Amino acid sequence: MERLDDLEAFLAIVEKGTQAAAARHLRRSLQSVNRSLAAIENAMSVQLIRRSTRRSEPTEAGLEFYNHVKPAFSKIMQARLQAASQQEHISGALTIGAPHLFATDYIAPAVCEFIDLYPRLDIELQASDEQVDLLDRNLDLAVRIGHSVDESLIARRVNSMRVVTFGALSYFAKHGKPMHPRDLVNHECVLRAAATIVDTWSFRIDGDDHPIKVQGRFRTNSATAMRAAVANGLGIGQLPYWQVRSLIEQGSAEIVLGSFEADRIPIQLAWSPARPPLERTRRFVEFLAARLKAEPF
């Protein structure tokens, strides 16, 4: 039977793309990660990872094994936390921050399960699409989406998400579809307004990242409002895929410029070094990280 740390190494190699990146993520030596992979492949008598000088990609057998092992591994890690909770009493208050939609769809369900594990905890979830100051809001932990995490914070990357450009079928029926990112100059776009208005979208063109300037008459600091505006045919939007999946599956909206999508953006858990995490915070970080790693963003 494969050891848990061998399985963890295999999962990390698939997710990070190379043995070296997996070793850094797991804080293990490269030799240790290589030994874990070899142990699994020898036990199964099949090649799971195709190695090259730059990448380590799963074979067909490796991808199938990954899809079966990933959810099972996450459940095992959650079960270990649950078993540990039976002997250790964790209590006190825990305050968490997250973007509105992410808080609703992912953090609140995780909090409900965590409170079941640790019934002596009091948890407050603050939802905001702004990157608020953790100390000012008295946050023990915050979920950050994207690369722009304050350098003064400690951040742990737990997954990444696809960002798509999309529009309502009603909009495309009237105005047509952009075939290239530069065509967006002729389209109405729904913009994000934070501290400043975000009027450039990132695309991958000819192998390089290119910011494309867009324009529109409606802007909002709410991802929910952006999705609603696009769904109502006001213009084209750009949001994480999980936020618009239901519109796509219902057939009321469509993804465009898919071949120009930029790299996936990270999902990170962040906390302030001025407020070292207590045991209850550390437990929740591990619990939430295991759940988020298993999500198909």
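Structure: see above.
Since the model is a prediction, treat every value here as computed from it, not as a measurement.

### Focus on the environment of L141
Then step 1. Among the structural elements, L141 can be located in strand β5 (residues 141-145).
Then step 2. Accessibility expressed as a relative area gives 1% for L141, which makes it buried.
Then step 3. Counting along the chain gives 64 residues from L141 to I205, while the straight-line C-alpha distance between them is 36 Å.
Then step 4. Apart from the residues lying within four places of it in its own chain, the contact partners of L141 are T95, I96, G97, L269, A270, W271, T281, F284 and V285.

### Some thoughts on a negative patch on the surface
Then step 1. Negative charge collects at one region of the surface, where D133, D136, D150 and E151 lie side by side.
Then step 2. Tracing the backbone through its elements, the reader meets D136 in the loop between β4 (121-127) and β5.
Then step 3. According to the relative accessible area criterion, D136 is exposed, its value standing at 61%.

### Things to note about the nonpolar core
Soluble globular proteins tend to pack their nonpolar side chains together in the buried interior.
Then step 1. Within the largest apolar cluster, 44 residues are counted, with the highest numbers of intra-cluster contacts made by F102, F284 and L292.
Then step 2. Ranked by the residues each element gives to this core, the list is headed by helix α5 (residues 100-117), at 9 residues.
Then step 3. With residues near it in sequence (within four places) discarded, F102 still touches I107, V143, I145, M161, W242, I267, L292 and F297.
Then step 4. Counting 19 residues, the second-largest nonpolar core is a separate cluster that includes A12, A23, L48 and F73.

### A short note on the pattern of salt bridges
Then step 1. In the structure shown here, the tally under the stated rule is 12 salt bridges.
Then step 2. Between R291 and E113 there is a salt bridge, with the nearest N and O atoms lying 2.8 Å from each other. Taken as a pair, R291 in helix α9 (residues 279-293) and E113 in helix α5 lie far apart in primary sequence, 178 residues in all.
Then step 3. Owing to a relative accessible area of 35%, E113 belongs among the partly exposed residues under this scheme.
Then step 4. For R217, the salt bridge identified is with E188, shortest N-O distance 3.1 Å. Remark: E188 occurs in the loop between α6 (169-175) and β8 (190-193) and R217 occurs in the loop between β11 (208-213) and β12 (218-220); sequence separation between them is 29 residues.
Then step 5. Accessibility expressed as a relative area gives 70% for R217, which makes it exposed.
Then step 6. One salt-bridge network, held together by shared partners, links E279, R282 and R283.

Definitions and cut-offs
Residues numbered from 1 in each chain as written. Predicted model: local features only at pLDDT ≥ 70, side-chain atom pairs only at ≥ 80, totals over all residues. Heavy atoms only, no water. Helix = DSSP H or I, 4+ residues; strand = E, 2+ residues; numbered from the N terminus. Buried < 20%, exposed > 50% of the residue type's maximum accessible area, 1.4 Å probe, protein only. Contact = heavy atoms within 4.5 Å. Patch = residues over 30% accessible without salt bridge, like charges linked within 9 Å, V, L, I, M, F, W, Y side chains within 5 Å. Areas by Shrake-Rupley, 256 points an atom, 1.4 Å probe, with all protein chains shown as cover. Salt bridge = Lys/Arg side-chain N within 4 Å of Asp/Glu carboxyl O. Lys, Arg positive; Asp, Glu negative; His and termini not counted. Charge placed at Lys NZ, Arg CZ, Asp CG, Glu CD. Core = buried A, V, L, I, M, F, W, Y, C linked by side-chain atoms within 4.5 Å.

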